[in-house]
Amino acid sequence: MKSKNLSESILRSVKSKGYKYIDLPSVIEANHIVQRSGENFRKFIFSFTDQNGSELCLRPDLTIASCLRYLENNLKGKEKIFYSGQAYRKSENKSDSIIRDQIGFEILGSKDEKNDDKEIINTSLKSLQNIKYSSGKLTIGNVEIFNLLISKLDIPKRWKLRLSRHFWREDYFNDLLKRLETNSDVDPTIVEIDKKRYLKMLKEDLSNVIAGRTINEILNRFDNKIKDPRRASKGKGVSKIIKDFLKIKCPINEAASELNKFFKKNRINLVVDQRYFPVSNNKVSKLNVVFSTSFGRQLEYYTGMVFKIDVKSKNKLKNIINGGRYDRLISDLGSKKQIPAVGAAINMIL
């Protein structure tokens, strides 16, 4: 099937599931991207300055453009939408295309989380019916379960925040685990020097700013560090638990059992039910369905269920669909309250 006909067939398939088509702007304010993804992300976007001095960029991500639309139009309640178009992003791999043709669909503002997760995956599976493939794999993960595990571990609060915040940055995350194992972030000599600085700062104006933080913020952070000491042996134990957790991979119908076995073995006060997962069958639409605790580290904004679909066509394995839940994205972009959101994108470079 030619690309245009395939795209139209998929769009009709998504529309038949009750989604409303919307248009998205090709250009958005660059600060929306940089503020939430960091200055390091700037090198991946195509940006320019308009006549008023505002920095704009070509949309690097259709999901962010969609969530900005929901926010800026002050929309309320549940909305099922879909769209198609191109995202523009540079890559560190020079062989990758800078233009990504995608079809996306989302459920925004709905509190029926588990059913919405199932619906997004079912819509993805229905879209697959338009694509020829011999076999494939549906991989499901869950960032929320990882964060629940971290919340239960016996480590300082600052470490829990670090590990949750940087889960998606795999190399940096692994470096954090090494530091946790060796206690290398708490050097006794440095702490003594910091104590002298701490006592000196107590006498200064707490609203003064040093390196982007007020003196009061610096003192509070140091206070937490002193009150939250840990032994290197404890750090090694916690690091091992995290590493072992991230090795869990199994057929989807065994996910709850494997996780609960792990929690019990490591005395973690957590229990999950198989109904927690949006798919229960190990095989759907010629796809083997697996659960992986380490999956879900592609994008920073994922907060819950995540999935991807890879299919084999003409002896080549291709990533066709990616999606997941991102309940904090709209609030990160400026909403005063958290808006539930889940969606998926179909890669049209087939």
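Up top is the structure.
This structure is a prediction, so every number in the text was calculated from the model and none was measured.

Novice: Before we go on, may I ask you to explain the overall build of the protein chain in this structure?
Specialist: From N to C terminus, the protein chain includes twelve helices and 15 strands. In the protein chain, which comprises 350 residues, the proportion classed as buried is 45%. Counting contacts in the protein chain only where the partners sit at least 6 residues apart, residues at least 24 apart contribute 68% of the total. Of the roughly 19,100 Å² that the protein chain leaves accessible, carbon and sulfur atoms contribute 48%.

Novice: How should helix H6 (residues 157-165) be read in this particular structure?
Specialist: Counting along an α-helix, one turn takes 3.6 residues, and residues three or four places apart therefore face a common direction. Among all positions of H6, only Arg-158, Trp-159, Arg-162 and Leu-163 are buried. Down the axis of H6, the buried set is contained in an arc of 130°. They therefore lie on one face.

Novice: I would appreciate a short explanation of the nonpolar core in the present structure.
Specialist: Across soluble globular proteins, nonpolar side chains show a tendency to be buried alongside one another. Formed by 94 residues in total, the largest nonpolar core has its most connected members in Leu-128, Leu-138, Ile-242, Phe-245, Phe-263 and Phe-307. The dominant element in this core, judged by the number of residues it contributes, is helix H3 (residues 62-72), at six residues.

Novice: Any chance you could explain the packing of aromatic side chains here in plain terms?
Specialist: What characterises a pair of aromatic rings is the spacing of the ring centres plus the angle enclosed by the ring planes. This structure, assessed with the given rule, holds twelve aromatic pairs. Measuring from ring centre to ring centre gives 6.0 Å for Phe-167 and Phe-173, while their planes differ by 85°; the resulting arrangement is edge-to-face. Each member of the pair, Phe-167 as well as Phe-173, carries the same accessibility label: buried. Here the aromatic cluster, defined as three or more aromatic residues joined through ring pairs, consists of Phe-146, Phe-167, Phe-173, Phe-245, Phe-262 and Phe-263. Directly above the aromatic system of Phe-173 lies the positively charged group of Arg-297, at a separation of 4.8 Å from the ring centroid.

Novice: Sorry if this is basic, but what is going on with the sheet that holds strand E2 (residues 27-29) here?
Specialist: Each strand in a sheet pairs with its neighbour through backbone hydrogen bonds, running either in the same direction (parallel) or in the opposite one (antiparallel). With respect to topology, three strands assemble into an open sheet ordered E2-E4-E3, the strand pairing being antiparallel. At either end of the open sheet lies a strand with only one pairing partner, and these are E2 and strand E3 (47-49). Ignoring which end each strand starts from, the neighbouring axes of this sheet average 35° apart. Here E3 pairs with strand E4 (residues 55-58) via three bridges, running antiparallel. Pairing of Thr-49 across the sheet is with Glu-55, part of E4.

Novice: Help me out: how do you make sense of the packing of H6 against helix H7 (residues 170-182) in this one?
Specialist: Pairs of packed helices are described in terms of their axes, by the angle between the two and the distance that separates them. Look at H6 against H7: their axes get within 9 Å of each other, and the N-to-C directions meet at 155°. With respect to H7, the element H6 is oriented roughly antiparallel. Pair H6 / H7 crosses with left-handed handedness. Of H7, the residues touching H6 (which contributes Trp-159, Arg-162 and Leu-163) are Phe-173, Leu-176, Leu-177, Arg-179 and Leu-180.

Novice: I would appreciate a short explanation of the pairing of strand E12 (residues 287-292) in the present structure.
Specialist: Each regular strand displays side chains that alternate between the two surfaces of the sheet. Taking burial as the measure, the six residues of E12 include five buried ones, the bulk of the element. Pairing of strand E7 (residues 135-142) with E12 involves five bridges; the strand directions are parallel. Of the residues in E12, the one forming a bridge with Thr-139 is Val-290. With three bridges connecting them, strand E10 (residues 249-251) and E12 associate as antiparallel partners. Its bridge partner lying in E12, Pro-251 is registered against Val-290. Of the strand pairs in this sheet, strand E11 (residues 283-284) and E12 are connected by two bridges, and their pairing is antiparallel. Bridge pairing in E12 places Val-284 opposite Leu-287. Here E11 folds back onto E12 in antiparallel fashion, the turn holding two residues, of which Ser-285 has a positive phi close to 50°.

Novice: Got a minute to help me understand the packing of helix H5 (residues 143-152) against H6 in this structure?
Specialist: It is at 9 Å that the axes of H5 and H6 come closest, and there the two elements cross at 165°. The pairing of H5 with H6 is recorded here as roughly antiparallel in orientation. Handedness of the H5/H6 crossing: right-handed. For the pair formed by H5 and H6, the contact residues are Phe-146, Asn-147, Ile-150 and Ser-151 on the first element and Lys-160, Leu-163 and Ser-164 on the second.

Novice: Mind showing me how you'd approach helix H11 (residues 255-265) here?
Specialist: Turning to H11, its buried residues are Ala-255, Ala-256, Leu-259, Phe-262 and Phe-263. Buried residues of H11, viewed axially, fall in a sector of 130°; they line one side. Across from the buried face of H11, at angles greater than 90 degrees, the exposed residues are Lys-264 and Lys-265. At the C-terminal side of H11, Arg-267 shows a positive phi close to 55°.

Procedures and definitions
Along each chain, residue indices are assigned from 1 in the same order as the chain's sequence is written. With pLDDT at 70 or above as the cut-off, local features in this predicted model cover only qualifying residues; side-chain atom pairs require 80 or more to be listed or tallied, and sums for whole chains, interfaces and linings still use all residues. Only hydrogens and water are removed before side-chain values are computed, so all heavy atoms of the structure are retained for them. Helix and strand labels come from DSSP, where a helix needs a run of H or I of at least four residues and a strand needs a run of E of at least two; each type is numbered from the N terminus. When accessible area is computed with a 1.4 Å probe and restricted to protein chains, residues below 20% of their type maximum are described as buried, those above 50% as exposed, and intermediate ones as partly exposed. When checking whether two residues touch, look at their non-hydrogen atoms; a contact exists if any pair is within 4.5 Å. Residue-level accessible areas treat just the shown protein chains as cover; the underlying method is Shrake-Rupley with a 1.4 Å probe. Think of it as the arc spanned by the lines of direction from the helix axis to the C-beta atoms. Definition used in this section: a nonpolar core is a set of buried Ala, Val, Leu, Ile, Met, Phe, Trp, Tyr and Cys residues joined via side-chain atoms within 4.5 Å. Pairs were defined over the aromatic rings of Phe, Tyr and Trp, the Trp ring being its six-membered one, requiring ring centres within 6.5 Å. Orientation was assigned from the angle between planes: stacked under 30 degrees, edge-to-face over 60, tilted for the rest. Consider the ring centre and the ring normal. A charge sits over the ring if Lys NZ or Arg CZ is within 6 Å of that centre and within 35 degrees of that normal. At least two bridges found by DSSP between two strands is the condition for calling them paired. Only the stretch in contact is used when a helix axis is fitted, and all axes are lines through C-alpha atoms; the angle between N-to-C directions ranges over 0 to 180 degrees. For classification purposes, angles smaller than 35 degrees are called roughly parallel, those larger than 145 roughly antiparallel, those between 65 and 115 roughly perpendicular, and all remaining angles oblique. Should the near helix be turned counterclockwise from the far one by less than a right angle, the crossing is left-handed, whereas a clockwise turn marks it as right-handed.

Without other data, these values stay purely geometric and don't point to any function.
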